[in-house]
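Architecture and fold: a report
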Amino acid sequence: MRSTYLKPLAIAVSVGLAVVGCGQQPASQDATAPTAAASAPVAAAPAAAAASVFDVNELDTAVNACQDFNAFVNAKWVKANPIPADQTRWGAFDELREKSLNEQ
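In this report, the structure presented in the accompanying data block is examined.

Some words on the overall build of the protein
From N to C terminus, the protein includes four helices and zero strands. Counting from the amino terminus, helix and strand elements in the protein follow one another as α-α-α-α. Looking at the protein as a whole, 10% of its 104 residues qualify as buried. Contacts in the protein between residues at least 24 apart in sequence constitute 23% of all its contacts with a sequence separation of at least 6. Carbon and sulfur atoms form 61% of the exposed surface of the protein, whose accessible area is close to 8,400 Å².

Following this line, the structure appears as structure tokens:
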């Protein structure tokens, strides 16, 4: 296996195990209470991983990953990249179209 596929594979396996672990809570713990692991801050990435595409600092640790995984992963990006109020979607092609129309 090529080494370029090892990082994405390791991330995918880690996320899969985390999601599987979300459903397994001890019987004595209240299901609505957040777990200590979910409320703990995410550890900073080692210096060697700084060049990696995946940055753990982009995860929103205020959200419990077991309750809302989409918000846990994407909340900071969605907040930093809002969709304009007059649009139903917004992407690179929409932005290019708007710039092109404004230059005419």
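We are not done yet, so read on.
Overview of the packing of aromatic side chains
For the coordinates displayed, the defined rule picks out one aromatic pair. Each ring, one from F69 and one from F72, has its centre 6.2 Å from the other, and the planes form 35°; the classification is tilted. A residue pair is termed a helical-turn pair when its members lie 3 or 4 positions apart in one helix, as F69 and F72 do in helix 3 (residues 69–80) at three residues.

Regarding the pattern of salt bridges
For the structure shown, the criterion picks out three salt bridges. R89 is the partner of D94 in a salt bridge, and the nearest nitrogen-oxygen pair spans 3.4 Å. The class of R89 is exposed, set by a relative accessible area of 56%. Put simply, K99 and E95 hold a salt bridge, and the shortest N to O gap is 3.7 Å. Of this pair, K99 and E95 are both found in helix 4 (residues 92–103), four residues apart, which corresponds to roughly one turn of the helix. Judged by relative accessible area, K99 falls into the partly exposed class, the value being 47%. Given a relative accessible area of 35%, E95 falls into the partly exposed group.

Some thoughts on the side chain of N64
Relative to the elements of secondary structure, N64 occurs in the loop between helix 2 (36–39) and helix 3. Looking at N64, its side chain comes within polar contact range of the main-chain nitrogen of C66, at 3.0 Å.

Some points on the side chain of D60
Tracing the backbone through its elements, the reader meets D60 in the loop between helix 2 and helix 3. Here D60 occupies a buried position and makes no salt bridge, while the nearest side chain of opposite charge, K76, is found at 5.6 Å. Once residues lying within four places of it in the same chain are set aside, the contact partners of D60 are A71, F72, A75 and K76.

Parameters at a glance
- Residues numbered from 1 in each chain as written.
- Predicted model: local features only at pLDDT ≥ 70, side-chain atom pairs only at ≥ 80, totals over all residues.
- Heavy atoms only, no water.
- Helix = DSSP H or I, 4+ residues; strand = E, 2+ residues; numbered from the N terminus.
- Buried < 20%, exposed > 50% of the residue type's maximum accessible area, 1.4 Å probe, protein only.
- Contact = heavy atoms within 4.5 Å.
- Areas by Shrake-Rupley, 256 points an atom, 1.4 Å probe, with all protein chains shown as cover.
- Phe/Tyr/Trp six-rings, centres within 6.5 Å; stacked < 30°, edge-to-face > 60°.
- Salt bridge = Lys/Arg side-chain N within 4 Å of Asp/Glu carboxyl O.
- Polar contact = N/O pair within 3.5 Å; in protein donor to acceptor, adjacent residues only side chain to side chain.
- Lys, Arg positive; Asp, Glu negative; His and termini not counted.

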